[in-house]
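The primary structure of each chain is shown beneath.
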Amino acid sequence: MIVISDTSVLVNLAAIGQLELLRKLYSGVIVPTKVMEEVRATADKSAPNRQVASCEWIEVRAVNDLKLEERIGANLDEGEAAAIALAIETRADFLLMDERRGRRVAEGEGLTVIGLLGVLVRAKSAGHISAVRPVLDDLVTSTSFYMTDALKAEVLSQAG
């Protein structure tokens, strides 16, 4: 299974001590070089970024098709564009991304996108966490992650 990730899912999971969920669910994750550069740029000031940067099961890979990355990146940040381009190149099973604009572009390219909340629902379903609510509460109080009450209710319903 090939899983490509953008920065936010990794860093937010690390911030709440749940980064290992990705390894448990997918065995490993691939990130484009630009995503790891974003992570490392603030690793000296951010414990979650340090954790992601030092994680041995996260593979860093360069995007080969720079024209594809450039075309995709017209309205996205570099990490998002690189993640989408790498997901297309590798024919990834999943792209982990939360940003709305990036998700729309990725889905328009035919990619299957899973956000952090989807990861939590899958982790619950696979038995890697016993409940989603405490993880969501931790996410909201420990990070800048935002979700509406309606979205939270939907995620909790999906998680059972």
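Note that the structure is predicted; figures quoted are calculated from it, not measured.

> When you look at the packing of helix α8 (residues 116-125) against helix α9 (residues 133-142) in this model, what are you seeing that I'm missing?
When two helices pack together, their arrangement is given by the angle between the helix axes and the distance between those axes. In the contact formed by α8 and α9, the axes pass within 10 Å of each other and the chain directions differ by 155 degrees. On the basis of their axis angle, the class for α8 and α9 is roughly antiparallel. In terms of crossing hand, the pair formed by α8 and α9 is right-handed. Mapping the contact onto sequence places Leu116, Leu117 and Leu120 in α8 and Val135, Leu136 and Leu139 in α9. Residue classes in the contact of α8 with α9 are distributed as 6 nonpolar, no polar and no charged.

> Help me out: how do you make sense of α9 in this one?
Since the α-helix advances by 3.6 residues per turn, residues separated by three or four positions end up pointing in the same direction. Along α9, the residues that are buried comprise Val135, Leu136 and Leu139. Down the axis, α9 shows its buried residues gathered within 100 degrees of arc, on one side only. Those residues of α9 that are buried are in contact with α1 (7-15), α8 and α10 (149-159).

> Looking at this structure, how should I read the packing of aromatic side chains?
For any pair of aromatic rings, the description consists of the separation of the ring centres together with the inter-plane angle of the planes. What the rule picks out here adds up to 1 aromatic pair. Between the aromatic rings of tyrosine 26 and phenylalanine 94, the centroid separation amounts to 5.9 Å while the plane-to-plane angle is 45 degrees, which identifies the pairing as tilted. Here tyrosine 26 is found in helix α2 (residues 20-26), whereas its partner phenylalanine 94 is found in strand β4 (residues 94-96), with 68 residues between them in sequence. No difference in accessibility class separates tyrosine 26 from phenylalanine 94, as the two residues are buried.

> It is not clear to me how α10 should be interpreted in this structure. Could you clarify?
Taken as a whole, α10 has its buried residues at Val155, Leu156 and Ala159. In a view along the axis of α10, the buried residues occupy a sector of 100 degrees, so they form one face of it. Turned more than 90 degrees from where α10 packs its buried face, Ala150 and Ser157 sit exposed. In this fold, the buried residues of α10 make contact with α8 and α9. Of the residues one or two after α10, glycine 160 is the one with positive phi, at around 80 degrees.

> Honestly, the environment of lysine 152 in this entry has me stumped. Any pointers?
Position of lysine 152 relative to the elements: it lies in helix α10. A sequence separation of 35 residues divides lysine 152 from leucine 117, and the C-alpha atoms of the two residues are 8.9 Å apart. Excluding residues within four positions of it along the chain, lysine 152 makes contact with Arg133, Leu136, Asp137 and Met147.

> Explain the pattern of salt bridges here, please?
Per the stated rule, a full pass over the model turns up 5 salt bridges. A salt bridge links lysine 34 to glutamate 69, with the shortest nitrogen-to-oxygen separation between them at 2.9 Å. You can see lysine 34 sitting in helix α3 (residues 33-41) and its partner glutamate 69 sitting in helix α5 (residues 66-72), a full 35 residues away along the chain. Between glutamate 109 and arginine 71 there is a salt bridge, with its nearest N and O atoms 2.9 Å apart. Of the two residues, glutamate 109 sits in the loop between α7 (100-108) and β5 (113-114) while arginine 71 sits in helix α5, which places them 38 residues apart along the sequence. Under the relative-accessibility criterion, arginine 71 is labelled partly exposed at 49%.

Reading the values: rules and limits
- Residues numbered from 1 in each chain as written.
- Predicted model: local features only at pLDDT ≥ 70, side-chain atom pairs only at ≥ 80, totals over all residues.
- Heavy atoms only, no water.
- Axes fitted to C-alpha atoms, helices over the stretch in contact; angles between N-to-C directions.
- Helix = DSSP H or I, 4+ residues; strand = E, 2+ residues; numbered from the N terminus.
- Parallel < 35°, antiparallel > 145°, perpendicular 65-115°, else oblique.
- Left-handed = near helix turned anticlockwise from the far one by under 90°.
- Contact = heavy atoms within 4.5 Å.
- Nonpolar A, V, L, I, M, F, W, Y, C, P; charged D, E, K, R; others polar.
- Buried < 20%, exposed > 50% of the residue type's maximum accessible area, 1.4 Å probe, protein only.
- Arc of directions from axis to C-beta.
- Phe/Tyr/Trp six-rings, centres within 6.5 Å; stacked < 30°, edge-to-face > 60°.
- Salt bridge = Lys/Arg side-chain N within 4 Å of Asp/Glu carboxyl O.

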